[in-house]
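Examination of the molecular architecture
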Amino acid sequence: MKQIPINYIQIDDKIDSIRKIDEVAIGRYVEKYESGTSKAILVKRITKDKYILIDGKHRIEAKKKLEQRKIDCELFDGEDIYSKAVECNQEHGIPLTKEEEEKVILNFIDAGKSDEEIGKVFHLARRTINNKINSNQTLKKARVAKSKVPTINYFLDGEKQVNIAKDLRLSEGAISQRINNWLDEINDDYNTGSTKQEIIAQENEKGIKLTLKKLNEFIEEDCNKLIIGDCLKEIPKLDNEIIDCLIIDPPYGMNYQSNHRKEKYNKISNDNKKAFILLDSSLKLVKEKMKRNSHIYIFTSWKVIDKVKPIIEKYFKLKNCLVWNKNNWSMGDLEGNYAEKYELILFATLGKKKLYCDKRPLNVLDFARTNNEEHPTQKPVELLKEFIKNSTKENELVVDYFAGSGSTLIAAKELNRRWLGIEIKK
Ligand SMILES: C[S@@+](CC[C@H](N)C(=O)[O-])C[C@H]1O[C@@H](n2cnc3c(N)ncnc32)[C@H](O)[C@@H]1O
């Protein structure tokens, strides 16, 4: 016990509101102090001249009436001063009014306390507290709102509904309804225009530990479509960390114009020196859209590989240079040069995604060339399927933002993968 100056003692609003000041009680303590029979008050020490009152506000008022500056105090060394204050109030033997009790229980619910913990403070059984809450609309509503947070957090942690129900002492039906309502709410938010980032921020604010990885499991990406537009403008609109496999066949930076057919194709957009800047900028943008463990395939040519390689290495781990061995060769300089029979694909990774194949694939792949009927540099769907099978499971997302005729997208669709393409030309 310690004598402490009254002006060192502060009264916390929440503790102050447990019980209203009662003049009769102050009078009784004045008499007790005069006869030397009053007990010490209870305080929590914050600093040497700052204490928080836990129990004894009527005694402080009595001391003031007696014009005494110091008061006998016991020091509380626990942390939960509010629970201790309520417990002390119970021990005085004067029950809280219905209104005071409702406010106290509401504060406990708000602090996330279980019925059992509240019961301990009131020296009542858990069932009694449970009945009090269920028979009071305000308390019931607060409990429902509050238990949503632990329910969803358990659910996000992968806990089984039966265990959540046991732990929160709710029926399994109530848990399942709460989870379904929450899933409906976040889907509604998304469908009415909230971004995933906004939804995550809003749920985290409520104490729900929602992450992007989890949200992506609940909200199907708006995919399986070809977006006509500039990839540099369209990539930023995608959600972060959604792509499992990126396959691109960028403009080559070679002013490519096929001579293969009688009727020449138009030149490919951005197929000039700017192609390398485009590749660099697009990879920079797409990196944050890739899942933390994902694969990247980039078509290139031996003529520009020295420029392309360092760009890829800025963002991803370059693992291999694959050779697509075609069944045919291109014309070009018929007498003065060897015929071109292969194309190169740089294979890179982000994180540690493994290949999904039983037999280790070789870095030379034999696939027949296309007749380039849809696009001057059209890639064979079967070759793309090989990459997609090796790098993704069903339903994972494959993206090609230099989509051309859409060969990557067709390959992904045929393999039951989700797909998303961007192409600048209509
Ligand atoms: C080499 S081709 C891809 C051909 C494709 N692999 C196929 O099998 O049909 C490159 C494509 O990128 C497109 N492109 C060029 N710049 C682009 C940009 N900024 N955004 C989106 N697409 C672009 C070109 O129009 C062209 O169709």
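Residues numbered from 1 in each chain as written. Predicted model: local features only at pLDDT ≥ 70, side-chain atom pairs only at ≥ 80, totals over all residues.

1. Overview of the site of the ligand
Residues in close proximity to the ligand total 22 residues, the closest being Asp249, His375, Phe402, Gly404 and Ser405. Contributions of two or more residues to the shell around the ligand are made by helix H13 (231-234) and strand S13 (418-423). Grouping the constituent residues of the shell around the ligand by class yields nine nonpolar, eight polar and five charged. (Near = placed C-beta within 6 Å. Helix = DSSP H or I, 4+ residues; strand = E, 2+ residues; numbered from the N terminus. Nonpolar A, V, L, I, M, F, W, Y, C, P; charged D, E, K, R; others polar.)

2. Observations concerning the sheet that holds strand S6 (residues 225-228)
Sheet architecture is open: eight strands sit in the order S6-S13-S12-S7-S8-S10-S9-S11, paired in mixed fashion. The open sheet has two free edges, formed respectively by S6 and strand S11 (364-366), since each of these has just one partner strand. The sheet shows a mean angle of 20 degrees between the axes of neighbouring strands, direction not considered. One ladder, built from three bridges, connects strand S9 (residues 317-325) with S11; its direction is parallel. The residue bridging asparagine 325 from the neighbouring strand is aspartate 366, located in S11. Strand contacts of helix H16 (residues 381-391): strand S7 (243-248), strand S8 (290-300), S9, S11 and strand S12 (397-400), with the helix running at about 155 degrees to S7, the strand carrying the most contacts. (Pairing = 2+ DSSP bridges. Axes fitted to C-alpha atoms, helices over the stretch in contact; angles between N-to-C directions. Contact = placed C-beta atoms within 7 Å.)

3. Quick notes on unusual backbone geometry
Residues other than glycine seldom take positive phi values, yet histidine 123 does so here, at roughly 55 degrees. You can see histidine 123 is positioned in the loop between helix H6 (115-122) and helix H7 (126-134). By C-beta crowding, histidine 123 is classed as exposed, having 10 other C-beta atoms within 10 Å. A positive phi angle is found at asparagine 224, which is not glycine, with a value near 55 degrees. Along the chain, the position of asparagine 224 falls in the loop between helix H12 (212-218) and S6. (Buried ≥ 20, exposed ≤ 12 C-beta atoms within 10 Å, placed from the backbone.)

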